[in-house]
Amino acid sequence: MIVCVAVVGQQNNPLYIQSFTEADDALKLHHIVHCSLDVVDERVNNPKKSGPMLNETFLGLLYPTENYKVYGFLTNTKVKFILVTTDLDVRDADVRNFFRKFHAAYVDAVSNPFHVPGKKITSKTFAERVSNIVKSFGMGSTG
């Protein structure tokens, strides 16, 4: 089950963070997202040590915690997507598919002529699309 998704800008500024759990977990999930940015920076700045090639946007499993697994995705414009899940046996194909759909929703949201680049994403349509993508996570290729 996905518990949190985030879009983080080029300067590590949060553009969109949505938790899908109780309110008391929200702060902990924001902390996990913030900590994962260090791992993303490490993988981007030291590609030889960490595996993925420079042209690979899917960063894979950033780090596991006791209760969560954190996955990352980096766009060509250096915007980072973070996914926090409680599922301990998630397939990479499902996560890649999630990020593909999430990236498409993000592109549609920032392509809005009224969106100011680098500012928080406040679109209700984007939030609804993200919720639908999260609900369909792990259910195959539907969505």
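With an unreviewed UniProt entry as reference, the protein chain is termed Trafficking protein particle complex subunit, source organism Nepenthes gracilis. Turning to the protein chain, the UniProt annotation filed under Subunit (unreviewed entry) states: "Part of the multisubunit transport protein particle (TRAPP) complex." Word for word, the UniProt comment on the protein chain under Sequence similarities (unreviewed entry) is "Belongs to the TRAPP small subunits family. Sedlin subfamily."

## Observations regarding the side chain of Lys-80
By the secondary structure assignment, Lys-80 is in strand 5 (residues 80-85). No salt bridge is formed by the buried Lys-80; the nearest opposite charge belongs to Asp-41, separated by 4.9 Å. Engagement of the side chain of Lys-80 in a polar contact is seen with the side chain of Asn-12, the distance being 3.2 Å. Within the local environment of Lys-80, its side chain forms a polar contact with the backbone oxygen of Lys-78, the two atoms lying 3.3 Å apart. Each residue touching Lys-80, except ones within four places of it in the same chain, is listed here: Ala-6, Val-7, Val-8, Gly-9, Gln-10, Asn-12, Leu-37, Val-40, Asp-41, Phe-73 and Leu-74.

## Topic: helix 1 (residues 26-45)
Between its first and last C-alpha, helix 1 extends 29 Å over 20 residues, near the 28 Å set by a 1.5 Å rise per residue. Along helix 1, the residues that are buried comprise Leu-29, Ile-32, Val-33, Ser-36, Leu-37, Val-39, Val-40 and Arg-43.

## With respect to the environment of Phe-102
With respect to the element layout, Phe-102 can be found in helix 3 (residues 92-110). Judged by relative accessible area, Phe-102 falls into the buried class, the value being 0%. A sequence separation of 41 residues divides Phe-102 from Leu-61, and the C-alpha atoms of the two residues are 17 Å apart. Excluding anything up to four places from it in sequence, Phe-102 contacts Val-5, Ala-6, Val-7, Phe-81, Phe-126, Val-130 and Ile-133.

## Quick look at the nonpolar core
Membership of the largest hydrophobic core comes to 25 residues, with the highest contact counts inside it found for Val-5, Val-7, Phe-98, Phe-99 and Phe-126. Top contributing element to this core by residue count: helix 3, with seven residues. Leave out the neighbours within four places in its chain, and Phe-99 touches Phe-58, Tyr-71, Gly-72, Phe-73, Phe-81, Ile-82 and Leu-83. With 18 residues, the next largest nonpolar core counts Cys-4, Leu-62, Tyr-63 and Ile-82 among its residues.

## Here we look at the pairing of strand 2 (residues 14-19)
The pairing of strand 1 (residues 2-8) with strand 2 spans five bridges and is classified as antiparallel. Bridge pairing in strand 2 links Cys-4 to Ser-19. Linking strand 1 back to strand 2 in an antiparallel pair, the connection comprises five residues, with Asn-12 at a positive phi of about 60°.

Conventions we followed
Residues numbered from 1 in each chain as written. Predicted model: local features only at pLDDT ≥ 70, side-chain atom pairs only at ≥ 80, totals over all residues. Heavy atoms only, no water. UniProt positions renumbered as here; feature names shortened; annotations may be inferred. Helix = DSSP H or I, 4+ residues; strand = E, 2+ residues; numbered from the N terminus. Buried < 20%, exposed > 50% of the residue type's maximum accessible area, 1.4 Å probe, protein only. Lys, Arg positive; Asp, Glu negative; His and termini not counted. Salt bridge = Lys/Arg side-chain N within 4 Å of Asp/Glu carboxyl O. Polar contact = N/O pair within 3.5 Å; in protein donor to acceptor, adjacent residues only side chain to side chain. Contact = heavy atoms within 4.5 Å. Expected span 1.5 Å × (residues − 1). Core = buried A, V, L, I, M, F, W, Y, C linked by side-chain atoms within 4.5 Å. Pairing = 2+ DSSP bridges.

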